[in-house]
Amino acid sequence: MAEFDDLEKDIFIELLNIAVGQAAAGLSELVQEKIDMFVPNLHTLSEREASALVDEKLGHQATVISERFSGIVPGQIMLLFPQAESLILVRKMLGEEMDEASASEVEQEALSEIGNMILNSCLSSLADAFEGRFIGELPVYASGQASRLFKGKEDQEILFIEVNFRLSESDINGYIVIILSIEGMAELQQYLKNIVTQNI
């Protein structure tokens, strides 16, 4: 199985920081609140381990907007929030005067809009860096037990890319997760090798 060397990993993390930073800037403007970013984490995990990790971070109940993509490499990108915090985010987006019942009614539409903006901003930035193109499907909204969001083979290994961010005033934590197959990771590695070669 291919593994990123230190330079490839550093370059990819920097590209992720740029991509997620641009997406977070759009969210910050939308909710009028500063977004704190954390260093991306790259894990090679089985689907079972990825499910357990998401459950641990999100407290089992999650709201997720996911989008499958093809192009440079095929994969899936997701925006995840603890379920209780997603309603707070909707109120931040649509106005503090909105009560919880009203926020719940428009939650799916509002979060789908946020997800579409953030996920496609990330993909667009990464596509520019790799001088290629990502083709995204329509984002899909889901909520419930986080571990059920992963429906592949439980023992299949994947590259699980996790970026944590937080709305500093509301203390809302969110995650952007990118999932690649091991074959997709090998394709990605070739793009990173090309970037390394161009900069030598």
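Look up a bit, the structure's there.
In this report, we go over the structure that sits alongside the text. Note that residues are indexed from 1 along each chain, following the sequence as it is written. Residues qualify for local features only when their pLDDT is at least 70, as the model is predicted, and side-chain atom pairs are given and counted only at 80 or more; totals for whole chains, interfaces and linings, by contrast, use all residues. As a convention, hydrogens and water are excluded, and side-chain values are obtained from all of the structure's heavy atoms.

1. A word on unusual backbone geometry
Heads up, the condition is: Under the scheme used here, helices are H or I runs from DSSP no shorter than 4 residues and strands are E runs no shorter than 2 residues, and both carry numbers assigned from the N terminus. Per-residue accessibility, obtained with a 1.4 Å probe over protein chains only, is compared with the maximum for each type, and a residue is labelled buried under 20%, exposed over 50%, and partly exposed between these values.
A positive phi is found at Q32, a non-glycine position, where the angle reads about 55 degrees. With respect to the helices, strands and loops of the structure, Q32 is situated in the loop between α1 (6-31) and β1 (35-37). According to the relative accessible area criterion, Q32 is exposed, its value standing at 63%. Of note in the backbone geometry, D171 takes a positive phi value of approximately 60 degrees without being a glycine.

2. With respect to empty space enclosed by the protein
Applied cut-off: Cavities and pockets are defined on a 1 Å grid built over the protein atoms alone: a cavity is a set of grid points where a 1.4 Å probe fits but cannot escape, while a pocket is an open set with protein on both sides within 12 Å along at least five of seven lines, and lining residues are those with an atom within 4 Å of any such point. Grid points are joined across faces, edges and corners, and a volume is the space filled by probe spheres set on the points. Ten residues, namely Ala, Val, Leu, Ile, Met, Phe, Trp, Tyr, Cys and Pro, are considered nonpolar, four, namely Asp, Glu, Lys and Arg, are considered charged, and the remaining ones, Gly among them, are considered polar.
Applying the stated criterion across every chain yields a total of three cavities of 30 Å³ or more. In this structure, the largest cavity occupies an estimated 80 Å³ of space. When contributions to the lining of the largest cavity are tallied by element, the ones reaching two or more residues are α4 (100-130) and β8 (172-181). Computed from the structure, the second largest cavity encloses a volume of approximately 50 Å³. The wall of the second largest cavity is formed by V54, K57, L58, L80, F160, E162, Y175 and V177. Every element with two or more residues in the lining of the second largest cavity is listed here: α2 (47-58), β7 (157-167) and β8. Top contributing element to the lining of the second largest cavity by residue count: α2, with three residues. Looking at the lining of the second largest cavity residue by residue, the class counts come to six nonpolar, no polar and two charged.

3. A few points about the nonpolar core
What counts is decided by this rule: To form a nonpolar core, buried Ala, Val, Leu, Ile, Met, Phe, Trp, Tyr and Cys residues must be joined to one another through side-chain atoms within 4.5 Å. Between two residues, a contact is recorded if the distance between any of their heavy atoms is within 4.5 Å.
Ranked by size, the top nonpolar core spans 50 residues in total, and within it F12, L79, I176 and L188 carry the most contacts. Elements with a contribution of two residues or more to this core: α1, β3 (61-71), β4 (75-82), α3 (83-94), α4, β7, β8 and α5 (182-198). At eleven residues, the largest contribution of residues to this core is made by α1. Discounting chain neighbours no more than four positions away, the residues touching L188 are F4, F12, V73, F130, L159 and L180. In terms of nonpolar packing, the next biggest core, distinct from the first, is built from 15 residues, L58, M78, L80 and V177 among them.

4. So, the pattern of salt bridges
Note the following rule: Put simply, a salt bridge is a Lys or Arg side-chain nitrogen that is within 4 Å of an Asp or Glu carboxyl oxygen.
According to the stated counting rule, one finds five salt bridges in the structure shown. With its nearest N and O atoms 3.2 Å apart, the salt bridge here joins K57 to E162. On the criterion of sequence distance, the pair formed by K57 in helix α2 and E162 in strand β7 is long-range, its members being 105 residues apart. Its relative accessible area of 33% is what places K57 among the partly exposed residues. The class of E162 is buried, set by a relative accessible area of 4%.

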